[in-house]
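# Summary of the model geometry
What follows is the residue order along each chain.
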Amino acid sequence: MADIVLIGLNHKTAPVELRECIAFNPEQTAEALDGLHQSPQISEVMVISTCNRVEVLLVADDSGICVPLVKQFLANFNRVSLGEFEPSLYVLQNDEAVRHVFRVAASLDSLMVGEPQILGQIKEAYRLATRKKTAGVILNRLLHRSFSVAKRVRSETGIGDHAVSISYAAIALGRKIFGTLEGKKGLLLGAGEMAELAVEHLISHRIGQVLVANRTFERGMALAERFGGRALRFEEIGDCLKETDIIISSTGASDYVVTRDMVKAVMRSRRNRPLFFIDIAVPRDIDPAINRLTNAYVYDIDDLKEIIEENIEDRQREAVAGERIVDEAVIRFRQWRESLDVVPTIVALRKKMEGIVTEEIERTVGGLNHLSDNDRTAFKRMIPSLVNKMLHDPTLFLKGDGGHGDRAVYLDMTRKLFRLDE
Amino acid sequence: MQTILVSTTILYLLSTVGYFLYLFLQREVLHRTGYFLLLAGVLLHTVALVKGTVAAGHLPVKNLHETLSLAGWALAGVFLLIQSRYRIKILGIYAAPLVALVMVFASQIPRATAVSENIFGSAWFVIHILSVFIGEAALALAGGVGLLYLIQERAIKRKKRGFFFRRLPSLDLLDTTGYACLVVGFTLLTVGLVTGFVYAKAVWGRFWSWDPKEVWSGITWLLYAVLLHERLTVGWRGRRAAIMAIVGVAVLLFTFFGVNFLFTGHHGQFTRW
């Protein structure tokens, strides 16, 4: 039986400087697939390259030969000496390789456990391999299984439930307050990468309008234009609190920009609609005493960080349940691979044929009352010889390598044609 | 008759179990189980009430056993309606045990029929009873939603997101649901009181007779009227509205039970035991 082999390095085994040297962009990946597939040792191959990992997944008859071959290929292709990165490489085979692919696809092996991008990256890598025709029966099955494992892990565990970035945590809180963010008004005070990211997330949650107030009006105008919103003067903040629902603050001010009295003054004209302050600035912009007012909620950067830490712990707990799903899938995949062996396929095929012939003969003979016992035995004896004759050529074909190279293709085809897996 | 009520109670209890398992395990199937058990309970309960009405020739509300049973039915029914509109799955852990408790309590009370005056037959009476009971059920649910609101608000304010934070819906949904319960409950309560006056005029010849139940119902009505008024004019919402809704339930319970135990009056016999 052919071996499934995985050779690679990831964020746990190699620092980023090293991963950069080995990484493939899409064109290089296509080129590498061609290069690797030319080797007669390798019947199927695909390359997964993301910023956190570079992995070559292949099916080969003799893993002993192809592992050093692939390692050397990686070195030559990237013009790096093998000695430099060989200690960071891991080589996994069969069940271990299968488990690894499942875990990566399900985001159990990610730097941020549960992050959803990796599945898309693997799908992209697989698409490239199918386009280049370097993926065959085994990789097709393996990758499709890994997609469904990833889906199961995501839906049956809470691995992707909890926000693990500041802006996502803020959005999650906002949704616990407002239900939906659709149509709510946002106000950005100041500027800054994290605050702008949060505003972008708000917009992707279809927030109604974005207002921007900046000490320098021009800067505010530029940001407002970017978010499709409106710029305000800094002095207008107090008035503007009547209108907005979500305030993201990130100014360099040394004093509170929004005070308790300012909020208290607008509450009545807001008809007590809730106000949610997200204070990313250090020192803080929003008076923490505002949190004690009814229908006003203030979260500062430390509060949000605390949420994220809790969420990461939660994800890790959920990952344990994910591992169980992976274990199951690994066992099922092994069973499928074992069934792709010649002997069990031929046995199953014979059994199926015998079943059909026996059933039909018995039904016919059972209806013919004039037959003697001898006649009946003669008919019964016909069963095995009929099956032998029918299956003679298919059996020879399957045992004899199926003519061209990849026997797994024909075994898989046979099992599908005769529905042997049911 | 007895077996139907016992089965109903058992369905309510099982539904309670389903909802509590849902609270802890968060499996959708458990929530559905709780919901459908409660639905089955309400249907069976309706059968029991119809049978009782046919047998007695009027709504079965002659003693505490029967009124409690009707209250349980109204509560469960209103909960199912609210649930289908607002989908606060977690509200089941308030409603289902409450209904089950009412039914268990009812089953423990001797059902000696009290005085049988000929005052039950009128349509005014039927409307009076049904709207008061259904209205009070809606107000009781408003209190439950208020309680959930306070729990969730506390979690968000204190930044301690414990057991309930992820199990409870958004503050906005809780507030909206509470408001809907309040509007429905208050409207029906008003209809109930008005038909009560009309009916009293027909039976006793006067609209208002300073019966303690009447007085306390008036107080309850005023309380809810204030809450609704504040919501509509200054936009009272959230925490204050939730606390008022809970206080309202306490007053409501006193009107329902307390008045009968502490005072006497022409409503007393319906809850006598």
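Keep in mind it's a predicted model, so treat the numbers as computed, not measured. (Residues numbered from 1 in each chain as written. Chains lettered and ligands numbered in written order. Predicted model: local features only at pLDDT ≥ 70, side-chain atom pairs only at ≥ 80, totals over all residues.)

### Comments concerning the overall build of chain B
Each helix and strand counted, chain B has 8 helices and 0 strands in total. Secondary structure elements of chain B occur, N-terminal to C-terminal, as α-α-α-α-α-α-α-α. Dimensions of chain B, computed from the C-alpha atoms along their principal axes, are close to 60 × 45 × 30 Å. Residue burial in chain B is summarised as follows: out of 273 residues, 45% are buried. (Helix = DSSP H or I, 4+ residues; strand = E, 2+ residues; numbered from the N terminus. Buried ≥ 20, exposed ≤ 12 C-beta atoms within 10 Å, placed from the backbone.)

### Observations concerning the domain arrangement of chain A
Along its sequence, chain A is organised into domain 1 (3–161), domain 2 (166–308) and domain 3 (341–417). Inter-centroid distance (C-alpha atoms) of domain 1 of chain A to domain 2 of chain A is 43 Å. (Domains from an automatic or database assignment.)

### Details of unusual backbone geometry
Cis rather than trans, the peptide bond between Val282(A) and Pro283(A) has omega equal to -5°. Looking at the element boundaries, Pro283(A) is found in the loop between β9 (275–279) and β10 (296–300). For Lys133(A), which is not glycine, the phi dihedral falls at a positive 60°. Structurally, Lys133(A) is set in the loop between α6 (117–131) and α7 (137–156). We classify Lys133(A) as exposed; it has 11 C-beta atoms within 10 Å. With a phi angle near 60°, Gln26(B) is a residue other than glycine that sits in the positive phi range. Examined against the element boundaries, Gln26(B) turns out to sit in the loop between α1 (2–25) and α2 (28–56). Using a count of 14 C-beta atoms within 10 Å as the deciding quantity, one classes Gln26(B) as partly exposed.

### Brief notes about the nonpolar core
One finds Leu75(B), Val99(B), Ala137(B), Ala138(B) and Leu141(B) to be the most contacted residues of the largest nonpolar core, which totals 111 residues. Broken down by element, the residue count for this core peaks at 15 residues, all from helix α5 (residues 123–158) of chain B. Among residues more than four places away in sequence, those in contact with Leu141(B) are Val78(B), Phe79(B), Ile82(B), Ala95(B) and Cys181(B). The next biggest cluster of nonpolar side chains, apart from the first, holds 61 residues, and it includes Ala14(A), Val59(A), Val326(A) and Phe333(A). (Core = buried A, V, L, I, M, F, W, Y, C linked by C-beta atoms within 7 Å. Contact = placed C-beta atoms within 7 Å.)

### Topic: the interface of chain A and chain B
With 14 residues of chain A at the interface, the matching set in chain B holds 14 residues. Among the elements that make up the side of chain A that touches chain B, the one with the highest residue count is helix α8 (residues 166–178) of chain A (4 residues). Among the residues making up the side of chain A that touches chain B, the classes are represented as 4 nonpolar, 5 polar and 5 charged. (Nonpolar A, V, L, I, M, F, W, Y, C, P; charged D, E, K, R; others polar.)

### With respect to the sheet that holds strand β6 (residues 209–213) of chain A
Residues and elements named next belong to chain A. As summarised here, the arrangement of the 6 strands in space is β7-β6-β5-β8-β9-β10, forming an open sheet in which the pairing is parallel. Sheet topology places β7 (230–232) and β10 at the edges, where each strand pairs with a single neighbour. Strand-to-strand, the axes of this sheet are offset by a mean angle of 20°, without reference to chain direction. Strand direction decides the pairing type here: β9 and β10, joined by 5 bridges, are parallel. Considered in β10, the bridge of Asp-279 is made with Asp-300. Contacting β5 (185–190), β6, β8 (246–250) and β9, helix α9 (residues 193–204) runs over the sheet at an angle of about 160° to β8. Across the face of the sheet, helix α10 (residues 217–226) comes into contact with β5, β6 and β7 while running at roughly 160° to β7. (Pairing = 2+ DSSP bridges. Axes fitted to C-alpha atoms, helices over the stretch in contact; angles between N-to-C directions.)

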